[in-house]
Amino acid sequence: MSTSQKEYKDTPIVMVKAQDYQPQTIDRAVERLWKELCIDPSLFCGKKVLVKPNLLMRRRPEEATTTHPQVVRAVVEQIKRAHPAQIVIADSPGGLYNPTQLRAIYTTCGMQQAADQTGAVLNFDTGSGAVAVQQGKLCSEFNLIDPVRQADVIVSVGKLKTHCMTGLSGGVKNLFGCIPGLQKPQLHYRFQNKNDFAGMLVDLCQTVAPVLTVMDAVESMEGNGPSGGTMRKTNCLIASQSPFCLDRFLCALIAMTPQQVPTVQSCIERGLCPQNDADLLIINPDALPCQIADFQHPRSTTIDFSGNVPRFLQPAVRFGAKHLLAPKPRIDLDKCIGCGKCAESCPPHTIQIQNHKAHINYKQCIRCYCCHEMCPVRAIHIRGRK
Ligand code: SF4
Ligand code: SF4
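Since the model is a prediction, treat every value here as computed from it, not as a measurement. (Residues numbered from 1 in each chain as written. Chains lettered and ligands numbered in written order. Predicted model: local features only at pLDDT ≥ 70, side-chain atom pairs only at ≥ 80, totals over all residues. Heavy atoms only, no water.)

Caption draft 1: Structural view of the overall build of the protein chain. A count of helical and extended segments in the protein chain gives 14 helices and 15 strands. In terms of overall size, the protein chain behaves like a compact globule, its C-alpha atoms giving a radius of gyration of 20 Å where 386 residues would be expected to give roughly 21 Å. With the principal axes as the frame, the protein chain shows a C-alpha extent of 55 × 50 × 40 Å. In the protein chain, which comprises 386 residues, the proportion classed as buried is 57%. A fraction of 75% describes how many contacts in the protein chain between residues 6 or more apart in sequence connect residues 24 or more apart. Each charge class in the protein chain can be summarised by its mean position, and for the 43 positive and 32 negative side chains these summaries are 7 Å apart. (Helix = DSSP H or I, 4+ residues; strand = E, 2+ residues; numbered from the N terminus. Rg over C-alpha atoms; globule rule 2.2 N^0.38 Å. Buried < 20%, exposed > 50% of the residue type's maximum accessible area, 1.4 Å probe, protein only. Contact = heavy atoms within 4.5 Å. Lys, Arg positive; Asp, Glu negative; His and termini not counted. Charge placed at Lys NZ, Arg CZ, Asp CG, Glu CD.)

Here it is in structure tokens:
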């Protein structure tokens, strides 16, 4: 057995009930996560701790797009008990990464209030710098935001959501927010094949190496996540010291196969989590269901047939699938307000704003769905062939 295989067999995933976002409910659930995982205070004592929520865009907590501020507040309070030197809350959301945008997002997502209540520092430093990748398969270096580079330890606090490109927005995908602003679309452009993109995300996760990942799954997002889906009550918080095992668990929880979640598939191939979810060490003291069979999946992940053809034909099928089978992002012109956020985030710059409406040149579209992810008014839909 390799070291990594041994590690995942010894790394528990804890799931505890949390039926609402009342402060006392979340405080108790977070306290139980710490206790069940036997988190040692020395992990945080005297350290500079970064808490990294999912702040994809400027949405209110009840829209289930961003990590709920009560979960972030409770995690910060729990870390404070270990007497850290400092706690910083930071993320690089989609779109522009500047203090004005950050302030607007922190306020709407409730992070300003979470920081005010706990004394944690909200990050407004938009600097970044190169960090070498030690165990990467596809990347040798990442440009990471300064609070990530300056932290002694990182706690990732994500939101359970589906994702049109990667199937699942879990612990691994949450760390894409460590890449500054509009450098994220550049990585989409560099890694256009979704398996390569997933491999890049796993390289990134191994580099950022959070000591703990907590998943807000009280109210999750199903359907066309990470921003165009619908809220689904799932009533729990989940945590693990392995973001890879956590994602393997989440994949099973929302009734997806590893083949539908390329980040999980990549983790399996690297020996970072087991192929079979039955091999995970799950602590489930409230006997919660470990699979939500009718959880709605994103439409875009349901039509990749390339796994069903001989291996030597798969590259050709994938190439064809990208242009013929992969669903197109389509603009609802009645809803579009011409804000340009889709064009700003489009890696090949294939969206034009004309007469205050967005228009896509499909010949250059790489089907990354960044536009769908960033549209503030849900005016971009992922539809099948037409
Ligand atoms: S139009 Fe949308 S899906 Fe196509 S490349 Fe641009 S951002 Fe990606
Ligand atoms: S499609 Fe959405 S993001 Fe693009 S311009 Fe219209 S409203 Fe803005």
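Caption draft 2: Just the site of ligand 2, in detail. The local shell around ligand 2 consists of C336, I337, G338, C339, G340, C342, I353, A358, C375, P376, V377 and I380. Partitioning the shell around ligand 2 into residue classes produces 10 nonpolar, two polar and no charged. (Near = heavy atom within 4 Å. Nonpolar A, V, L, I, M, F, W, Y, C, P; charged D, E, K, R; others polar.)

Caption draft 3: Here's a closer look at the site of ligand 1. Close contacts around ligand 1 come from 14 residues, with C346, C365, C368, Y369 and C371 the closest. Here the shell around ligand 1 is built from residues that sort into 12 nonpolar, one polar and one charged.

Caption draft 4: Seen up close, the pairing of strand β14 (residues 357–360). Where burial is concerned, the two faces of β14 differ: the one with A358 and I360 is buried and the one with K357 and H359 is not. Of the pairings in the sheet, the one linking strand β13 (residues 351–354) to β14 comprises four bridges and is antiparallel in character. Looking at β14, one finds that I351 is bridged to I360. Joining the antiparallel neighbours β13 and β14 is a turn of two residues, in which N355 adopts a positive phi near 50°. (Pairing = 2+ DSSP bridges.)

Caption draft 5: Geometry of the pattern of salt bridges. One pass over the structure, following the stated rule, counts 14 salt bridges. The residue D146 makes a salt bridge to R149 at a minimum N-O spacing of 2.9 Å. Of this pair, D146 and R149 both sit in helix α6 (residues 146–150), three residues apart, which is roughly one turn of that helix. Residue D146 is classed as buried on the basis of its relative accessible area, which comes to 10%. Across the pair D294 and R232 runs a salt bridge whose closest N-O atoms are separated by 2.8 Å. Of this pair, D294 sits in the loop between β11 (281–283) and α12 (314–325) while R232 sits in strand β10 (residues 230–240), and the two are 62 residues apart along the sequence. For D294, a relative accessible area of 46% translates into the label partly exposed. Overlapping salt bridges bring together R59, R60, E62 and E63 as one network. (Salt bridge = Lys/Arg side-chain N within 4 Å of Asp/Glu carboxyl O.)

Caption draft 6: Highlighting the side chain of S220. Checked against the element boundaries, S220 lands in strand β9 (residues 212–222). Of the polar contacts made by the side chain of S220, one reaches the side chain of T234; its length is 2.5 Å. In contact with S220, not counting residues within four places along its chain, are A64, L160, T230, M231, R232, T234 and F295. (Polar contact = N/O pair within 3.5 Å; in protein donor to acceptor, adjacent residues only side chain to side chain.)

Caption draft 7: The arrangement of the pairing of strand β3 (residues 86–89) in detail. Pairing of strand β2 (residues 48–53) with β3, which is carried by four bridges, proceeds in the parallel orientation. Opposite V51, over in β3, you have I89 as the bridge partner. Each parallel crossover has a hand, and the one from β2 via helix α3 (residues 69–80) to β3 is right-handed. Note: β3 against strand β4 (residues 121–122), two bridges, orientation parallel. (Right-handed = clockwise from strand over helix to strand, strands pointing away.)

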